[in-house]
Amino acid sequence: MRKVVLFLCASGSLLTLCGQSVRSIVGPGKPVNPYHYSIVKKGEFSTASVSSAHPLASLVGATIMKRGGNAFDAAIATQLALAVVYPGAGNIGGGGFLLGRKANGELLGIDYREAAPEKANRDMYLDKNGNVQLNLSQNGHLASGIPGTVAGLFATLTYARLPFPQLIQPAIDLAEKGFVLSEKEAASLNATRSSFLKYSTRPCAFVKATNWKAGDTLIQKELAATLKRIQEKGAPGFYEGETGKMIVEEMQRGGGLISMEDLKDYTAKLRNPIEFDYRGDHIVSFAPPSSGGILIGQMLKMIEKYPVSSYGFQSTQAVQLMIEAERRAYADRAVHMGDPDFYDVPVKTLMSEEYLQKRMSDYHPEKAGQSAVIKAGLIKESEETTHLSIIDGEGNMVSVTTTLNGGYGSRTVVGGAGFLLNNEMDDFSAKPGIPNMYGAVGGEANAIQPGKRMLSSMTPTLILRNNKPFVVVGTPGGTTIPTSVFQAIVNIIDFHMSADDAINKPKFHHQWLPDNVMIEKGFNPETKKQLQAMGYQFTERGSIGRTEIIRVLGNGKRETVADNRGDDSVAGF
Ligand code: DON
């Protein structure tokens, strides 16, 4: 019998590699062992760093760099590994955004967000009385947009160094030979069992006769075969031929819309990143169809003229100011943001100093704003996702957020092909003013149209200090993503925190509607009390986000940290 040892690490300590920060987690030629691995929460690496949602995926990324690959090679290999070992969010049936900065300073944004199928239409989720049927946009075949991930991986390959077959091989091995499940993974598969059965039309690897338990090996033969077709034929190995046919047949069996033409026509798109300065550092983030870059730009610029650092971390003053910035930015999101190829997003205005000053002109310290009164600005012109942060030895930086949308997406596994499809159609506004699964509302800018990409909150972000790599950061969390990234940036720049504290301290979130503040356990109780007295309402919720971060230290070492909220883990050397 295979001996399975899975070391789980409690809240940030390093267990097997105990004591202080780890310096190397990949030895030359040391193969990744899928039956015996540790969760490592932080390390200080001098050459290559990866932080992702799964230890095996981070190890795959670091090993690829050890073998001569750069950060882009590692990003491809890590995402493919996540598609196997982290099926709740890692994917080939979903989409994402990659933000990169080459060592020569060139910035690039690759948009491989899913798109609405040609047969989709604005009212496709309304019943005959005009009511939204959220079940249809969130579960099963009709919830899926055209997957973008594989196109995104091949668009990234232009910047990589190693041949693609080498980058996908670790994922094939993990799918074919299996890997051991952690307790969280086993529990999460068990909790989703009935949905897999309900929304898949063929048996799948995620469902077995008995419950999963920690230490079990998950083998995914059909997924391995799909990955091999991609290895052999490139993107057509997914969008055409046998795999394409399996997707379309799955759609036909379950009443979905994605056609062979939809698959063949899908392309990843290059987007110019959103760029702005905050207190002397240069922030780079993702542009529409993500709202993330604009939101963090708006929030940071709205608070920049205030002495946030002197207010203190999680002080009443700092939190109130940040909530009010969040409220105003999210009100704009609901009205002004969507796929720029279908809707003219007024990016310049939304990001202009003048506009943002005006947005904050009704901000009153010591008094809660009201979302019923503070609406989107007037402009006169036309929980599961996953993030990975990587830096290589040359200084290439890569920040990727990728998703199926909800945990395990639509819960539809493509029959015979072994991968899950997304439920990203729910990120469109199915009807003006009706909240989606994250409580986000929207209107015309984000209405469903064939070929259009649904508005996202994913916020892969880079920070440059003195025009040099400083921070790579991002997180899952639906609409809480931009506020998590916002707080990580403020924690680092205003409160001078370590990367570890910057992501692991308790967070808060306000998204305009509903008009209340979500907080994590451990949020400063005194601040909460004072804000309640001003009229703020609070809801305590489970964790907000799972942020992966790398911060370059003064001595050139990379403080590489994985979020304590999950099995997230770092690797590097
Ligand atoms: O693109 C978006 O904004 C969402 N589909 C992200 C979903 C997500 O982060 C779920 N994770 N917890």
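Residues numbered from 1 in each chain as written. Predicted model: local features only at pLDDT ≥ 70, side-chain atom pairs only at ≥ 80, totals over all residues. Heavy atoms only, no water.

### Focus: the domain arrangement of the protein
- As far as domains go, the protein holds domain 1 (8–117 + 142–267 + 386–427) and domain 2 (274–384 + 457–572).
- Using C-alpha coordinates to define each centre, domain 1 is positioned 27 Å away from domain 2.
- Taken together, the contact pairs 64 residues of domain 1 with 47 residues of domain 2.
- There are two salt bridges connecting domain 1 and domain 2. (Domains from an automatic or database assignment. Contact = heavy atoms within 4.5 Å. Salt bridge = Lys/Arg side-chain N within 4 Å of Asp/Glu carboxyl O.)

### A word on the sheet that holds strand β15 (residues 468–474)
- Spatially, β3-β20-β19-β15-β14-β11-β10 is the arrangement adopted by the seven strands of the open sheet, whose pairing is antiparallel. Edge positions in the sheet fall to β3 (42–45) and β10 (274–278), since each of these pairs with one other strand and no more. Neighbouring strand axes in the sheet, compared pairwise and without regard to direction, differ in orientation by 20° on average.
- Pairing geometry for strand β11 (residues 281–285) and strand β14 (residues 461–465), over three bridges, is antiparallel. Residue pairing for β14: H282 is matched across the bridge by L464.
- Against the sheet, helix α11 (residues 292–303) contacts β10, β11 and β14, and its axis sits at roughly 20° relative to β10. (Pairing = 2+ DSSP bridges. Helix = DSSP H or I, 4+ residues; strand = E, 2+ residues; numbered from the N terminus. Axes fitted to C-alpha atoms, helices over the stretch in contact; angles between N-to-C directions.)

### Some thoughts on the nonpolar core
- Counting 90 residues, the largest nonpolar core has I92 and L227 as the members making the most contacts within it.
- Here this core gets twelve residues from one element, more than from any other, and that element is helix α2 (residues 71–85).
- Counting the residues that make up this core, at least three belong to each of domain 1 (8–117 + 142–267 + 386–427) and domain 2 (274–384 + 457–572).
- Once you skip the residues sitting within four places of it in the chain, L227 turns out to touch L80, V84, I92, I168, A171, I172 and A175.
- Within the second largest apolar cluster, 76 residues are counted, among which are M360, I493, A502 and I519. (Core = buried A, V, L, I, M, F, W, Y, C linked by side-chain atoms within 4.5 Å. Buried < 20%, exposed > 50% of the residue type's maximum accessible area, 1.4 Å probe, protein only.)

### Quick look at the pairing of strand β20 (residues 558–562)
- A large share of β20 lies buried, amounting to five of its five residues.
- Side chains R558, T560 and A562 project from β20 onto one buried face, and the interleaved E559 and V561 project onto a second face that is buried too.
- Of the pairings in the sheet, the one linking β3 to β20 comprises four bridges and is antiparallel in character. Looking across to β20, one finds that F45 is bridged to R558.
- As judged from the five bridges shared by strand β19 (residues 548–552) and β20, these two strands associate in the antiparallel manner. Bridge pairing in β20 links R551 to E559.

### A word on the pattern of salt bridges
- Going through the model one piece at a time under the given rule, you end up with 34 salt bridges.
- K42 is the salt-bridge partner of D500, the closest N and O atoms lying 2.8 Å from each other.
- In this structure, R279 and D494 form a salt bridge, with 2.5 Å as the shortest nitrogen-oxygen distance.
- A residue is classified by how much of its surface remains accessible, and R279, at 32% relative accessible area, is partly exposed.

### A few points about the packing of aromatic side chains
- This structure, assessed with the given rule, holds twelve aromatic pairs.
- Aromatic side chains F313 and F495 sit 5.8 Å apart centroid to centroid with 80° between the ring planes, which places their arrangement in the edge-to-face category.
- Assessed through its relative accessible area of 15%, F495 is described here as buried.
- These aromatic residues form a ring-pair network of at least three members: F238, Y239, Y266 and F419.
- Above the ring of F573, the side-chain terminus of K66 is found at 4.2 Å from the ring centroid.
- Just above the ring of W212 sits the side chain of K208; from NZ or CZ to the centre is 4.8 Å. (Phe/Tyr/Trp six-rings, centres within 6.5 Å; stacked < 30°, edge-to-face > 60°. Lys NZ or Arg CZ within 6 Å of the ring centre and 35° of its normal.)

### Let's talk about the packing of α2 against helix α4 (residues 149–157)
- For the pair α2 and α4, interaxial distance at closest approach is 9 Å and the crossing angle is 160°. If you check the angle between α2 and α4, you find them roughly antiparallel. Two packed elements cross with a definite hand, and for α2 against α4 that hand is left-handed. Every residue of α4 that contacts α2 at F72, I76, Q79 and L80 is listed here: L153, T156 and L157.
- Taken together, the residues that form the contact of α2 with α4 break down as five nonpolar, two polar and no charged. (Parallel < 35°, antiparallel > 145°, perpendicular 65-115°, else oblique. Left-handed = near helix turned anticlockwise from the far one by under 90°. Nonpolar A, V, L, I, M, F, W, Y, C, P; charged D, E, K, R; others polar.)

### Digging into the side chain of S290
- Locating S290 in the fold gives a position in the loop between β11 and α11.
- For S290, a relative accessible area of 0% corresponds to the buried category.
- Of the polar contacts made by the side chain of S290, one reaches the backbone nitrogen of G292; its length is 2.9 Å.
- A polar atom in the side chain of S290 sits 2.5 Å from the backbone oxygen of M458.
- If we ignore the near neighbours within four places in the chain, the residues touching S290 are F97, L455, S456, S457 and M458. (Polar contact = N/O pair within 3.5 Å; in protein donor to acceptor, adjacent residues only side chain to side chain.)

### Quick look at the packing of helix α5 (residues 164–177) against helix α7 (residues 221–233)
- Their axes nearest at 8 Å, the elements α5 and α7 cross at an angle of 170°. Judged by the angle between their axes, α5 and α7 are roughly antiparallel. Residue-level inspection shows F164, P165, I168, Q169, A171, I172, A175 and E176 of α5 in contact with α7, the latter providing K221, L223, A224, L227, K228, I230 and Q231.
- Broken down by class, the residue content of the contact of α5 with α7 amounts to ten nonpolar, two polar and three charged.

### With respect to the sheet that holds strand β4 (residues 49–52)
- What the seven strands build is an open sheet, ordered β9-β6-β5-β13-β12-β4-β21; its pairing is antiparallel. Sheet topology places β9 (269–270) and β21 (569–572) at the edges, where each strand pairs with a single neighbour.
- Across the sheet, α2 touches β4, β5 (95–101), β6 (107–112), β12 (384–391) and β13 (397–405), and the angle it forms with β12 is around 155°.
- Contacting β5, β6 and β13, α4 runs over the sheet at an angle of about 155° to β6.

### Some remarks on unusual backbone geometry
- Of note, the amide linkage connecting P288 to P289 takes the cis form, showing an omega dihedral of 20°.
- Here P289 is to be found in the loop between β11 and α11.
- One non-glycine residue, R279, adopts positive backbone phi at about 45°.
- By the element assignment, R279 lies in the loop between β10 and β11.

### Re α4
- Burial runs high along α4: seven of the nine residues are buried.
- Listed as buried for α4 are T149, V150, A151, G152, L153, F154 and T156.

### Some thoughts on the pairing of strand β18 (residues 538–541)
- Two strands pair when backbone bridges link them, and strand β17 (residues 517–520) and β18 are joined in this way by four bridges, in the parallel orientation. The partner of M518 across the bridge, within β18, is T539.
- Each parallel crossover has a hand, and the one from β17 via helix α18 (residues 525–534) to β18 is right-handed. (Right-handed = clockwise from strand over helix to strand, strands pointing away.)

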